[in-house]
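Fold and geometry: a report
Residues per chain, in single letters:
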Amino acid sequence: MNILFHDYGGYAFSQQVARRLSQNHTITYLYSSDQLVKRCGDPASRTFASKAVSTGRPLAKYNLVNRYLWEQSYGKTLAAHIRAERPHVVISANTPLDSQRILAQACRETRSRFIFWFQDAIGLAMENILRHKIPVMGGLMGRYYQQMERRLLVQSDRVILISPGFYPLLDDWGIERTKTHVIPNWAPLEEIPPMDQDNAWSRGHGLDKTVNFLYSGILGYKHNPEMFVTLAEHFKTDDRVRVVVVSEGGGADWLRGEQQRRGLPNLILLPFQPADVYPQVLASASVLVSLINADASRFSVPSKVLTYLCAGRPVLLSMSHQNEAAGMVESAQAGLVSEPGDAAGWISQAETLVNRPDLRESLGRNARAYAEKHFALEPIYHQFEAILAEYE
């Protein structure tokens, strides 16, 4: 079949399965190149082509009007690809709802099967964000986006869920379970091999001999960067400890201001790093950190935690214990979890990890073992093939 595979974020795991599917199908893999994080497209082959999709201008992430206009433009660009290629099947993941709506319309026009790879409940996230930014109108706008997301799920031919935890929401929305499939997210094992903390990247940044709490990724509305300040403040006089944040955008800018205002030399702020050194970046951590606020824990499963597990490092999480990623870390005995906003618990767990190198080692070993057991590509590939076989 001719398959158009779109992942707005261009994540490594979606590229991996798309590349594997290209052994049996012709795959065009699309991703956005207008974001802060620059992804690398896979090399082309006879049956696989990776294409960056651009609107010609950067994403205005924190301006609601400009973001709406950008997402409309992005959706129209995706629709143009669909109309030009007329694929048998379109798989779309992590896509803004205004863009996904236009993409789905193009699928109907070309009679392409539309598979919604449901990664986050974006409508719920939009309601939460807008309700806080625009107290009265925000709630109405958020409900509008929830209804849009529901319609897109109803109109889709198949829905891939990353967690059975989304079933109650989809049941409430009247989505038939017969058209849903659960395929948990994963991370490519071979791209993040376990490495020594003492490596070229850590030495270059003076992080080869310290105890480093490291976060790498976007800091958006669903994150609480103040927790990094809390961590750095607590260890301010401990020369052993560094808090390293690899990020760009509004959250990173706020941290930079707090770093200067509070005088936190142990808070190390770095821009996004090239893909070829990313394994060394993660290996430079003594502890890998992720956090999402309480509201976001209901609708988001942070995929970076899966990548962290591959790196073979203990994980420190600030998120609801009910979150799928938190449950995974706890069941794997790969890290420690505190509830969002629980600064005392967060600091207590961080203290434990600093003072217990033996615990860090065992948790890190468990993390990699879990990844090796659950992230093998072939079983995941066969699940995708089983879904696609319905349209051959």
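Below: a short report on this structure.

Quick notes on the rules
Per-chain numbering applies: the sequence of each chain, read as written, is numbered from 1 onward. Note on the predicted model: pLDDT of at least 70 is required for a residue's local features to be given, and 80 or more for side-chain atom pairs to be given and counted; whole-chain, interface and lining totals, by contrast, use all residues. Hydrogens and water are ignored here; the side-chain numbers use all heavy atoms of the structure. Think of a nonpolar core as a cluster: buried Ala, Val, Leu, Ile, Met, Phe, Trp, Tyr and Cys residues, connected wherever their side-chain atoms sit within 4.5 Å. Exposure categories follow from relative accessible area, calculated using a 1.4 Å probe and restricted to protein chains: below 20% of the type maximum is buried, above 50% is exposed, and the middle band is partly exposed. Contacts: residue pairs with any heavy atoms within 4.5 Å of one another. Salt bridges are counted wherever a side-chain nitrogen of Lys or Arg sits within 4 Å of a carboxyl oxygen of Asp or Glu. Starting at the N terminus, helices and strands are each numbered in turn, a helix being any DSSP run of H or I of at least four residues and a strand any DSSP run of E of at least two. Polar contact criterion, stated in full: a pair of N or O atoms within 3.5 Å, where within protein one must be able to donate a hydrogen and the other to accept it, and residues adjacent in sequence count only if both atoms are side-chain atoms. A pair of strands is treated as paired once DSSP finds two or more bridges between them. In this analysis, axes come from line fits to C-alpha atoms, helices being fitted only over the stretch in contact, and the angle between any two N-to-C directions falls in the range 0 to 180 degrees. Roughly parallel refers to an angle under 35 degrees, roughly antiparallel to one over 145, roughly perpendicular to one between 65 and 115, and oblique to any angle outside these ranges. Here a crossing is called left-handed whenever its near helix is offset anticlockwise from the far helix by less than a right angle, and right-handed whenever the offset is clockwise. Handedness rule for crossovers: strands pointing away from the viewer, path from the first strand over the helix to the second running clockwise, crossover right-handed. Each pair of aromatic rings taken from Phe, Tyr and Trp, with Trp reduced to its six-membered ring, is defined by centres within 6.5 Å and is described as stacked if the planes are under 30 degrees apart, edge-to-face if over 60, and tilted in the remaining cases. The residues that make up patches have over 30% relative accessible area and no salt bridge, and they are joined within 9 Å when like-charged or within 5 Å when they are Val, Leu, Ile, Met, Phe, Trp or Tyr. Where accessible areas are quoted, they stem from the Shrake-Rupley method and a 1.4 Å probe; at the residue level, only the protein chains shown are allowed to cover.

1. Looking at the nonpolar core
Core analysis: the largest hydrophobic core is formed by 125 residues, its most contacted members being Trp117, Phe118, Phe213 and Phe375. Not counting chain neighbours up to four residues away, the residues in contact with phenylalanine 213 comprise Leu231, Phe235, Val241, Arg242, Val243, Val244, Val287, Val289, Leu316, Ala350 and Val354.

2. So, the pattern of salt bridges
One pass over the structure, following the stated rule, counts 17 salt bridges. Put simply, aspartate 208 and lysine 209 hold a salt bridge, and the shortest N to O gap is 3.0 Å. Aspartate 358 is paired through a salt bridge with arginine 356; the nearest N and O atoms lie 2.9 Å apart. A relative accessible area of 45% means that aspartate 358 is categorised as partly exposed. One continuous salt-bridge network, built from bridges that share partners, spans Glu233, Glu258, Arg261 and Arg262.

3. Quick look at the side chain of threonine 210
Structurally, threonine 210 can be placed in the loop between helix H7 (200-204) and strand E8 (211-216). Separated by 2.6 Å, the side chains of threonine 210 and asparagine 212 make a polar contact. Other than its neighbours up to four places away in sequence, threonine 210 contacts Gln197, Asp239, Arg240, Arg242 and Ser286.

4. Quick word on the sheet that holds strand E1 (residues 2-7)
The parallel open sheet is built from 7 strands, whose spatial order is E3-E2-E1-E4-E5-E6-E7. The two strands at the open ends of the sheet, each matched to only one other strand, are strand E3 (48-53) and strand E7 (180-182). Between one strand and the next, the sheet's axes are offset by a mean angle of 20°, whatever the strand orientation. On the sheet, helix H3 (residues 97-110) packs against E1, strand E4 (89-93) and strand E5 (113-118) and is oriented at approximately 155° with respect to E5. In this fold helix H5 (residues 137-155) packs onto E5 and strand E6 (158-161), with an angle of close to 130° to the strand it touches most, E5.

5. A few points about the sheet that holds strand E12 (residues 315-318)
Strand pairing in a sheet relies on backbone hydrogen bonds. The paired strands run either parallel or antiparallel. Taken together, 6 strands build an open sheet; the order of strands is E10-E9-E8-E11-E12-E13 and the sheet is parallel. Sheet topology places strand E10 (267-270) and strand E13 (335-338) at the edges, where each strand pairs with a single neighbour. The sheet shows a mean angle of 20° between the axes of neighbouring strands, direction not considered.

6. Describing helix H1 (residues 12-21)
Burial analysis of H1 places 8 of its 10 residues in the buried class, which makes it a mostly covered element. Residues of H1 that are buried include every one of Phe13, Ser14, Gln15, Gln16, Val17, Ala18, Arg20 and Leu21, and no others.

7. Re unusual backbone geometry
A positive phi angle, close to 60°, is found at arginine 111, a residue other than glycine. Among the structural elements, arginine 111 can be located in the loop between H3 and E5. A relative accessible area of 78% means that arginine 111 is categorised as exposed.

8. Regarding the packing of helix H8 (residues 226-234) against helix H13 (residues 343-355)
For any two helices packed against each other, the geometry comes down to the angle between their axes and how far apart the axes lie. For the pair H8 and H13, interaxial distance at closest approach is 10 Å and the crossing angle is 50°. Judged by the angle between their axes, H8 and H13 are oblique. In this structure, the crossing between H8 and H13 has a hand that is right-handed. Contact residues: H8 offers Met227, Thr230, Leu231 and His234, while H13 offers Ala343, Trp346, Ile347, Ala350 and Glu351.

9. Some remarks on the pairing of E10
The pairing of strand E9 (residues 241-246) with E10 spans 4 bridges and is classified as parallel. For valine 246, the partnering residue across the bridge sits in E10 and is leucine 270. In terms of handedness, the path from E9 via helix H9 (residues 250-262) over to E10 forms a crossover that is right-handed.

10. A word on the packing of aromatic side chains
Taken as a whole, this structure holds 20 aromatic pairs when the rule is applied. Both rings, one in phenylalanine 116 and one in phenylalanine 118, keep their centres 5.6 Å apart while their planes meet at 55°; by these two values the pair is tilted. When its relative accessible area of 5% is taken as the criterion, phenylalanine 116 is described as buried. Ring centres 5.0 Å apart and planes at 85° place the aromatic pair phenylalanine 118 and phenylalanine 166 in the edge-to-face group. With a gap of 48 residues between them, phenylalanine 118 in strand E5 and phenylalanine 166 in the loop between E6 and helix H6 (167-172) connect regions that are remote in the sequence. For the residue pair phenylalanine 118 and phenylalanine 166, the accessibility class agrees, reading buried in each case. Members of the aromatic cluster, connected to one another through ring pairs, are Phe5, Tyr11, Phe13, Tyr29, Tyr31, Phe48, Trp117, Trp186 and Phe384.

11. Brief notes about a nonpolar patch on the surface
Taken together, the side chains of Val65, Tyr68 and Leu69 make up a nonpolar region of the molecular surface, amounting to roughly 280 Å² of accessible area. Relative to the helices and strands, valine 65 resides in helix H2 (residues 64-85).

12. Some thoughts on the environment of tyrosine 11
Along the chain, the position of tyrosine 11 falls in the loop between E1 and H1. For tyrosine 11, a relative accessible area of 27% gives the class partly exposed. Separated by 176 residues in the primary sequence, tyrosine 11 and alanine 187 place their C-alpha atoms 9.1 Å from one another.

Coordinates in, geometry out; function isn't part of it.
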